[in-house]
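Results of the structural survey
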Amino acid sequence: MNDLSFFLKKNVIPVEHVKFVASKRFVEPVLDKNGKETGKTKPIEWEIAAIDTEIDEQLRKECTKRIPIAGKRGQFTQELDTSKYIGKMCAVCTVFPNLNDVTLQNDYEVKSADSLLKAMLTSGEYADYSAKVAEINGFDTSMEELVEEAKNE
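This write-up is about the structure you can find in this document. (Residues numbered from 1 in each chain as written. Predicted model: local features only at pLDDT ≥ 70, side-chain atom pairs only at ≥ 80, totals over all residues. Heavy atoms only, no water.)

Let's shift gears to the sheet that holds strand β4 (residues 46-48). Strand pairing within a sheet occurs via backbone hydrogen bonds; the two strands may be parallel or antiparallel. Strand order in the open sheet made by the 3 strands is β1-β4-β7, with antiparallel pairing throughout. A single partner strand is all that each edge strand has here, and the edge strands are β1 (18-20) and β7 (94-96). Geometrically, the sheet is characterised by an average inter-axis angle of 40° between neighbouring strands, direction not taken into account. Relative to β7, β4 runs antiparallel, the two sharing 2 bridges. For isoleucine 48, the partnering residue across the bridge sits in β7 and is threonine 94. (Pairing = 2+ DSSP bridges. Helix = DSSP H or I, 4+ residues; strand = E, 2+ residues; numbered from the N terminus. Axes fitted to C-alpha atoms, helices over the stretch in contact; angles between N-to-C directions.)

Take a look at the structure:
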């Protein structure tokens, strides 16, 4: 029962990438068994990967701002910008489409992966997508509450 070998990296089941239809507006043609277009379309599946704790900590650090404490000169508190954090997390977790592709960013007239994601998806699609990213990364309802909070900002 106290065998630590179960925790060795080689024995851990890897977290699989997940396919998810982020929007029904991005479509590809349906092909028949001979590879010819049928005249129908289907939504394109996006690919999402979980991130490790180290990357999550880096994202949280990037999205944390120092807020001066009123009445206490030179003292600050830290506050996580949840909307920014969720946006960056969703962008980092997106494997396909490649949100860092310059052609895609130029087409939507944005300069970052998280801005591209927000430009590509409607607000409802973005909320669903960020909830899926949170789920894949193992966040419980507290992360879903963060998503709700970000939607309401």
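The phi torsion of most residues other than glycine is negative, and most of the peptide bonds are trans. Residues phenylalanine 96 and proline 97 are joined by a peptide bond in cis, for which omega reads 5°. If you trace the backbone, proline 97 turns up in the loop between β7 and α3 (102-107). Not every positive phi belongs to a glycine, and glutamate 109 is a case in point at roughly 55°. Within the secondary structure, glutamate 109 is located in the loop between α3 and α4 (113-120).

For the rest of this paragraph, the subject is the packing of helix α1 (residues 53-62) against helix α2 (residues 82-93). Direction vectors running N to C along α1 and α2 enclose 145°, while the axes themselves pass 9 Å from each other. Crossing handedness for the pair α1 and α2: right-handed. The segment α1 lies against α2, with Ile55, Asp56, Leu59, Arg60 and Glu62 engaging Lys84, Tyr85, Lys88, Met89 and Val92. For the contact of α1 with α2, the residue count by class is 5 nonpolar, no polar and 5 charged. (Left-handed = near helix turned anticlockwise from the far one by under 90°. Contact = heavy atoms within 4.5 Å. Nonpolar A, V, L, I, M, F, W, Y, C, P; charged D, E, K, R; others polar.)

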